[in-house]
Amino acid sequence: MVRIKKIGLAVSILAFIIGTCILAVEEMLLLAFIPFITGYLYSKGIKIGRFALKLKGGLGIKNLVVGLTWGIFIAGLAGSGCGNLVPVVLVFIFFGVKLFINSAIYDFKDIKGDTLAGIRTLP
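Below or above, wherever it landed, is the structure these notes cover. Since the structure is predicted, the reported quantities are computational estimates derived from the model, not experimental observations.

### As for the side chain of T20
- Residue position: T20 is located in helix α1 (residues 2-25).
- One polar contact links the side chain of T20 to the main-chain carbonyl oxygen of F16, over a distance of 2.7 Å.
- Non-local contacts of T20, meaning those with residues more than four positions away in its chain, are made with L29, A32 and F33.

### Concerning helix α3 (residues 61-78)
- Taking 1.5 Å as the rise per residue, α3 with 18 residues should run 26 Å; its terminal C-alpha atoms sit 25 Å apart, in good agreement.
- N63, V65, G67, T69, G71, F73 and A75 are the residues of α3 that are buried.

### Here we look at the side chain of N63
- As for its position among the elements, N63 is in helix α3.
- Given the relative accessible area of 1%, N63 is considered buried.
- Side chain to side chain, N63 and S103 meet in a polar contact 2.9 Å long.

### So, the environment of L90
- You can see L90 is positioned in helix α4 (residues 85-107).
- Distance from L90 to A75, taken between C-alpha atoms, is 8.4 Å for residues 15 residues apart in sequence.

### Concerning the nonpolar core
- In terms of nonpolar packing, the biggest core is built from six residues, these being L23, M28, L31, A32, I34 and F73.
- For this core, the leading source of residues is helix α2 (residues 29-44), giving three residues.
- Non-local contacts of A32, meaning those with residues more than four positions away in its chain, are made with F16, T20, L23 and F73.

### So, unusual backbone geometry
- With phi around 60 degrees, E27 is a residue other than glycine that occupies positive phi space.
- Mapped onto the fold, E27 is located in the loop between α1 and α2.
- E27 gets classed as exposed once you look at its relative accessible area, which sits at 74%.

### A closer look at the packing of α1 against α2
- Two elements in contact, α1 and α2, have axes separated by 6 Å at closest approach and are oriented at 140 degrees. Judged by the inter-axis angle, α1 sits oblique to α2. Between α1, through F16, T20, L23 and A24, and α2, the contact on the second element is made entirely by L29, L31, A32, F33 and F36.
- In terms of residue class, the contact of α1 with α2 is built from eight nonpolar, one polar and no charged.

Cut-offs used in this document
- Residues numbered from 1 in each chain as written.
- Predicted model: local features only at pLDDT ≥ 70, side-chain atom pairs only at ≥ 80, totals over all residues.
- Heavy atoms only, no water.
- Helix = DSSP H or I, 4+ residues; strand = E, 2+ residues; numbered from the N terminus.
- Polar contact = N/O pair within 3.5 Å; in protein donor to acceptor, adjacent residues only side chain to side chain.
- Contact = heavy atoms within 4.5 Å.
- Expected span 1.5 Å × (residues − 1).
- Buried < 20%, exposed > 50% of the residue type's maximum accessible area, 1.4 Å probe, protein only.
- Core = buried A, V, L, I, M, F, W, Y, C linked by side-chain atoms within 4.5 Å.
- Axes fitted to C-alpha atoms, helices over the stretch in contact; angles between N-to-C directions.
- Parallel < 35°, antiparallel > 145°, perpendicular 65-115°, else oblique.
- Nonpolar A, V, L, I, M, F, W, Y, C, P; charged D, E, K, R; others polar.

These figures come from the coordinates and say nothing about function on their own.
Take a look at the structure:
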């Protein structure tokens, strides 16, 4: 089992490196790190002095983070060479809403587990 996890991790790292190189050549390097940045903010939160913002566990926040992250990523890829902002916004809205809904639908499968873990989800 440990060997399978190591292989999965190695393949994931290799895919990320290849994707990052492709995005760097296309001058879109920031897009490669958007999922990492939002994932970190989601899981760890932000703490500045007494101010603490924690996204994890909020009602619908996970779904919102998924929709925004992938909406931004896909719209960034699709609109990289686009001179008009309207199609980019439409792509962002379409994929953002689609992925928000998909993540909420998949939450129905894990209502019991989320409830036991104390995580509030939309379903």
